[in-house]
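# Coordinate analysis (summary)
One-letter residues, chain by chain:
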Amino acid sequence: MDPSWKPTFSPPSPAAAVVFYFVSCVGFIPIISPQRVPMDAQVAPEYAHSIRLDGDIILGGLFPVHSRGDRGTPCGELKKEKGIHRLEAMMFAIDLINKDPELLPNITLGARILDTCSRDTYALEQSLTFVQALIERDGSDVRCANGDPPIFTKPDKIVGVIGAAASSVSIMVANILRLFKIPQISYASTAPELSDNSRYDFFSRVVPPDSYQAQAMMDIVTAMEWNYVSTLASEGNYGESGVEAFIQISRDTGGVCIAQSLKIPREPRPGEFDKIIRRLLETSNARAIIMFANEDDIRRVLDAAKRNNQTGHFLWVGSDSWGSKISPVIGQERVAEGAITILPKRASVDAFDRYFRSRSLSNNRRNVWFAEFWEENFNCKLGMHGKRPGSLKKCTGLEKVGRDSSYEQEGKVQFVMDAVYAMAHALHRMHRELCYGYPGLCPRMANIDGKELLSHIRAVSFNGSANTPVVFNENGDAPGRYDIFQYQITNRSTAEYRVIGSWTNKLHLKVEAMRWKSSDPSLPPSVCSVPCRTGERKKVVKGVPCCWHCERCEGYHYQASEFTCELCPYEMRPDANRTGCGPIPIIKLEWHSPWAVVPVFISMLGIIATSFVIVTFVRYNDTPIVRASGREMSYVLLTGIFLCYAITFLMIAMPDVGVCSFRRIFLGLGMCFSYAALLTKTNRIHRIFEQGKKSVTAPRFISPASQLVITFSLISVQLLGVFVWFAVDPPHTVVDYGEQRTQDPMAARGVLKCDISDLSLICSLGYSILLMVTCTVYAIKTRGVPETFNEAKPIGFTMYTTCIIWLAFIPIFFGTSQSAERMYIQTTTLTISLSLSASVSLGMLYMPKVYIILFHPEQNVPKRKRSFKAIVTAATMSGKLTQKGGDRPNGEVKTELCESMETNSDFIN
């Protein structure tokens with residue numbers, strides 16, 4: 001045993017002891033030598049499947065040099081790009097660092113590079129090599145065959161590990177390395193799980209985690225206006241964690257729903273991919289497929305879509321495992337057309353291209369797998385011990401990479417070099433802090449503390465091999481920087497990946513640069529439900545917020561939000577597209593409306609006729625007929641008739657406070673004037689003849705002055721009621737939105753009118769109607785008075801006709817209270833009823849007199865005056881003759897009475 005070699009720490013941790021036990025028992029890595037043999041002879045088998053570069057500080061490296069083996073074998077075919085290119089990038093970076101006088105001066109970096117064979121369990125076994133130097137060995141009970149104590153080989157002390165590639169491998173290895181506090185920097189592992197600093201505290205990476213990638217893919221989906229997508233993941237940590245990160249972001253941000261989330265098994269059965277395509281077609285509206293799958297699974301999914309005639313249906317969105325690789329789309333260009341893929345932003349390292357093209361069998365003996373690469377790359381065989389079977393041509397050794405074979409730098413070369421440089425910069429910072437001014441390694445760095453080195457790793461900041469900044473956050477993650485590609489087929493039928501944008505914490509997408517299978521320039525849809533039209537709300541399907549039914553906002557409802565309809569304020573209605581409310585148009589009865597033209601025409605005729613009668617009466621004021629009609633009462637009655645006609649203009653005029661005030665005053669005043677005068681007249685006649693039956697004394701209050709006092713006393717009651725109304729409820733205008741609130745909001749109108757309710761109208765007209773009814777009663781009582789006696793019968797006929805008019809008015813007026821034409825019908829009915837009442841009074845009471853005055857002036861002469869006694873006698877005889885009328889031929893009683901009496905108008909007046 002070498003006495004100078006001491007264990008790194010003692011005693012070992014329980015976890016380390018378990019690992020040591022596992023290493024010793026499995027015997028995968030030789031720990032003790034059964035015989036004393038020369039060191040050179042023993043090193044050869046130990047390093048047969050690994051690369052060892054001597055140095056002052058040794059870095060570990062994990063690369064998928066071979067693919068996963070089949071049928072129980074750990075390793076399969078060689079990976080030229082992902083394996084050889086990447087490990088050569090690590091050695092090239094170490095060469096550059098060792099030559100750099102500014103970085104780790106006088107310190108040489110070495111390496112121990114292992115093959116993971118793309119399998120996590122195999123990588124775990126390999127990585128145990130990195131912790132051998134940290135495990136205390138006890139050989140007291142071990143003896144060689146000759147009895148001598150064993151000689152232990154001194155393992156390399158690994159201060160940090162570069163790798164691994166696959167996330168599942170990195171997770172497995174990280175669980176071991178953290179136990180021994182060995183920092184690890186990955187160049188390709190992107191699983192979000194590795195960002196958990198509590199579980200993977202010694203893990204860092206120079207590539208962004210899939211959580212950034214998932215966010216970038218979510219931003220792409222959002223920019224494409226897709227809200228209904230399916231996800232597809234390869235079974236394993238990379239695929240499942242990537243999809244889980246995407247789904248979690250969709251839940252947090254909302255707006256994107258997952259139709260289906262499918263998983264591709266590690267060992268898919270025959271027909272598995274056809275089944276996946278059929279499953280995806282169950283939600284055919286979810287055309288966008290978010291893929292976190294390895295390139296083999298991607299190729300087989302595309303092939304299944306092609307077999308099922310779904311070319312052009314699916315919209316593929318691939319993760320960095322698809323990136324800009326050609327292998328998944330070879331022979332399937334049409335079905336992959338339009339695919340959007342994402343890849344960490346990278347650049348080709350020209351210096352590495354020159355380095356790798358210069359590699360040959362003679363100058364690259366340090367790479368134990370380079371001979372196998374040579375055979376694979378040039379399709380030849382190296383002598384009898386070549387690994388490629390068959391009768392292939394022999395390799396000459398003079399072949400040249402890039403000349404005799406195709407060459408393209410693998411995409412992760414930049415990140416491998418950045419990972420090595422990150423470790424070197426951290427060691428440089430550590431050396432400057434612990435060994436300042438000391439050339440080479442000082443004693444304080446003889447045993448490098450992994451935790452201290454980790455703190456320096458997290459603090460590094462430099463420009464990497466592609467001049468992009470290399471930094472780490474508190475979880476050891478690199479910032480998210482991605483290029484976004486689209487697989488396009490040009491007019492010349494050549495397919496290629498074209499950069500259409502980038503993502504650096506924010507999406508920058510050139511939509512105009514995108515091309516789709518169809519000639520339609522618009523973005524292809526991937527939505528569960530088409531957007532609702534304006535004025536429609538979304539009724540979301542339960543449990544699927546991106547699927548909905550569209551419901552129209554009906555009636556007076558408008559679209560308040562995407563999901564709700566709300567009722568407009570009472571004075572408003574929804575606009576044409578039902579996205580808001582607008583004021584309901586306000587109308588009134590216009591002068592040009594047919595509902596107004598007819599009443600106005602009648603009123604104008606009535607006013608002209610009334611004015612003509614008044615002028616005639618004034619002109620012939622002292623003639624017998626005018627005097628016999630009772631001049632004072634006639635002028636009062638004619639004033640009432642005139643007001644009944646004039647009120648039509650107030651009822652049609654634009655409502656305002658003044659108009660409303662005049663409406664209240666004159667609405668019932670015209671009728672009150674008319675019927676107060678007629679009531680006074682009929683009451684006077686009735687009292688005269690009733691008094692005549694009892695005595696020859698004239699009744700009281702039959703003079704013209706008394707009649708005027710009685711008439712204006714009756715009118716004053718109406719005016720008093722109006723003034724009380726003014727005091728209790730001052731006149732004002734209102735807009736009635738309920739009157740014409742139709743089922744169709746566009747036909748709704750607000751009616752501008754005076755604040756006169758139906759009850760107020762009845763109260764206003766009620767007193768006049770009471771006078772009219774009372775007058776009618778007196779007209780009935782005086783129906784037996786001779787027709788030549790002071791207008792008794794014309795008044796009676798006037799009142800009968802007026803009652804009929806107002807009896808017809810009531811059902812028409814109140815029966816149309818629910819009609820949309822209520823304002824027009826009621827106003828027209830009221831004004832025509834007033835005009836007809838006035839016309840009846842004017843025609844029956846005054847037109848015959850005007851006719852006699854103008855056309856038969858010979859009849860407009862004074863009569864012989866009679867005494868009140870003669871009048872009483874006439875009244876008595878009238879009563880008796882009326883009783884005999886049943887026994888005489890028609891007209892005899894009338895003739896007998898009329899021949900024996902004549903009116904004494906002057907006396908009665």
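As the structure is a computational prediction, the values presented were derived from the model and not from experiment.

Attention shifts here to the overall build of the protein. Looking only at helices and strands, one finds 26 helices and 27 strands in the protein. Within the span of the protein, comprising 909 residues, buried residues form 50% of the whole. Counting only contacts in the protein whose residues sit at least 6 apart along the sequence, the fraction spanning at least 24 positions is 68%.

Moving on, we come to the state of the cysteines. According to the stated counting rule, one finds 9 disulfides in the structure shown. What pairs with Cys532 in a disulfide is Cys550, and their sulfur atoms sit 2.0 Å apart. Here Cys532 and Cys550 share a disulfide; its torsion about the S-S bond, -95°, makes the bridge left-handed. Residue Cys532 is found in the loop between strand S18 (507-509) and strand S19 (536-541), and its partner Cys550 is found in strand S20 (residues 544-552); the two are separated by 18 residues along the sequence. Note on Cys532: relative accessible area 18%, which makes it buried.

So, on to the pairing of strand S13 (residues 340-344). Among the 5 residues of S13, 5 are classified as buried, and the element is accordingly described as predominantly covered. Residues of S13 alternate between two faces, with Ile340, Ile342 and Pro344 on one and Thr341 and Leu343 on the opposite face, all of them buried. Two elements, strand S12 (residues 315-318) and S13, share 2 bridges in a ladder whose sense is parallel. In the strand pairing of S13, Val317 is matched with Ile340. For S13 and strand S16 (residues 482-489), the ladder comprises 5 bridges, and the chain directions are antiparallel. Note on S16: the bridge partner recorded for Leu343 is Asp483.

Scanning the entire structure with this criterion turns up 23 aromatic pairs. Ring geometry for Phe356 and Phe373: centres 5.6 Å apart, planes at 70°, overall edge-to-face. One end of the pair, Phe356, is in helix H11 (residues 350-357); the other, Phe373, is in helix H12 (residues 370-378), and 17 residues separate them in sequence. Under the relative-accessibility criterion, Phe356 is labelled buried at 0%. Residue classification places Phe373 among the buried residues on the basis of a relative accessible area of 2%. By the ring-pair criterion, three or more aromatic residues cluster together here, those being Phe92, Phe352, Tyr355, Phe356, Phe370, Phe373, Trp374, Phe378 and Tyr407. Over the aromatic face of Trp548 sits the side chain of Lys538, whose NZ or CZ is 3.7 Å from the ring centroid. For Arg741, the ring lying beneath its charged end belongs to Tyr556, and the centroid distance is 3.9 Å.

Spatial ordering of the open sheet is given by S25-S27-S26, a layout of 3 strands whose pairing is mixed. Strand pairing shows two members of the sheet lacking a second neighbour, strand S25 (586-587) and strand S26 (733-740), which therefore form its edges. The pairing of S26 with strand S27 (residues 749-754) spans 5 bridges and is antiparallel. The partner of Gln740 across the bridge, within S27, is Arg749. Relative to S26, helix H22 (residues 822-845) is tilted by about 115°, and along the sheet it contacts S25, S26 and S27.

Take the nonpolar core next. In terms of nonpolar packing, the biggest core is built from 67 residues, with Leu87, Met90, Leu109, Ile185, Tyr187, Phe352 and Leu427 touching the most fellow members. Considering every element that reaches this core, the biggest residue donor is helix H13 (residues 413-434), with 14 residues. In terms of nonpolar packing, the next biggest core, distinct from the first, is built from 48 residues, Val613, Tyr645, Leu679 and Leu834 among them.

Turning to the sheet that holds strand S8 (residues 203-205), a few remarks are in order. Taken together, the 6 strands give an open sheet; going across it, the order is S1-S5-S2-S6-S7-S8, and neighbouring strands pair in mixed fashion. Strands with a single pairing partner mark the edges of an open sheet, and in this sheet they are strand S1 (50-53) and S8. When the angles between neighbouring strand axes are averaged without regard to direction, this sheet yields 20°. Summarising the sheet, strand S7 (residues 184-186) and S8 pair through 3 bridges and their orientation is parallel.

Let's shift gears to the side chain of Asn237. Note that Asn237 resides in helix H7 (residues 237-253). We classify Asn237 as buried; its relative accessible area is 18%. At a separation of 2.5 Å, a polar atom in the side chain of Asn237 contacts the side chain of Glu193. Each residue touching Asn237, except ones within four places of it in the same chain, is listed here: Ser167, Ser168, Ile171, Ala191, Glu193 and Gly242.

Before going further, it helps to examine helix H5 (residues 167-177). Counting buried residues along H5, 8 of its 11 residues qualify, which places the element largely inside the surrounding structure. Within H5, the full set of buried residues consists of Ser167, Val169, Ser170, Ile171, Val173, Ala174, Ile176 and Leu177.

What follows deals with the confidence of the model for the protein. Summary statistics for the protein give a mean pLDDT of 82 and a share of 85% for residues scoring 70 or more. For the protein, per-element mean pLDDT is lowest for helix H25 (residues 892-900), which scores 34, and highest for S7, which scores 97. The low-confidence segment residues 1-47 (pLDDT under 50) makes 64 contacts with residues lying over four places distant or belonging to another chain. When the criterion is pLDDT under 50, residues 880-909 qualifies, and its contacts beyond four places in sequence or with other chains add up to 46 contacts.

Turning our eyes to something else, we now look at helix H4 (residues 120-127). By the burial criterion, the buried members of H4 are Tyr122, Ala123, Gln126 and Ser127. Taken end-on, H4 shows its buried residues confined to a sector of 135°, consistent with a single buried face. In this structure, the buried side of H4 is in contact with strand S4 (75-78), strand S5 (109-115) and H5.

What counts and how
Residues numbered from 1 in each chain as written. Predicted model: local features only at pLDDT ≥ 70, side-chain atom pairs only at ≥ 80, totals over all residues. Heavy atoms only, no water. Helix = DSSP H or I, 4+ residues; strand = E, 2+ residues; numbered from the N terminus. Buried < 20%, exposed > 50% of the residue type's maximum accessible area, 1.4 Å probe, protein only. Contact = heavy atoms within 4.5 Å. Disulfide = S-S within 2.5 Å. Pairing = 2+ DSSP bridges. Phe/Tyr/Trp six-rings, centres within 6.5 Å; stacked < 30°, edge-to-face > 60°. Lys NZ or Arg CZ within 6 Å of the ring centre and 35° of its normal. Axes fitted to C-alpha atoms, helices over the stretch in contact; angles between N-to-C directions. Core = buried A, V, L, I, M, F, W, Y, C linked by side-chain atoms within 4.5 Å. Polar contact = N/O pair within 3.5 Å; in protein donor to acceptor, adjacent residues only side chain to side chain. pLDDT = per-residue confidence, 0-100. Arc of directions from axis to C-beta.

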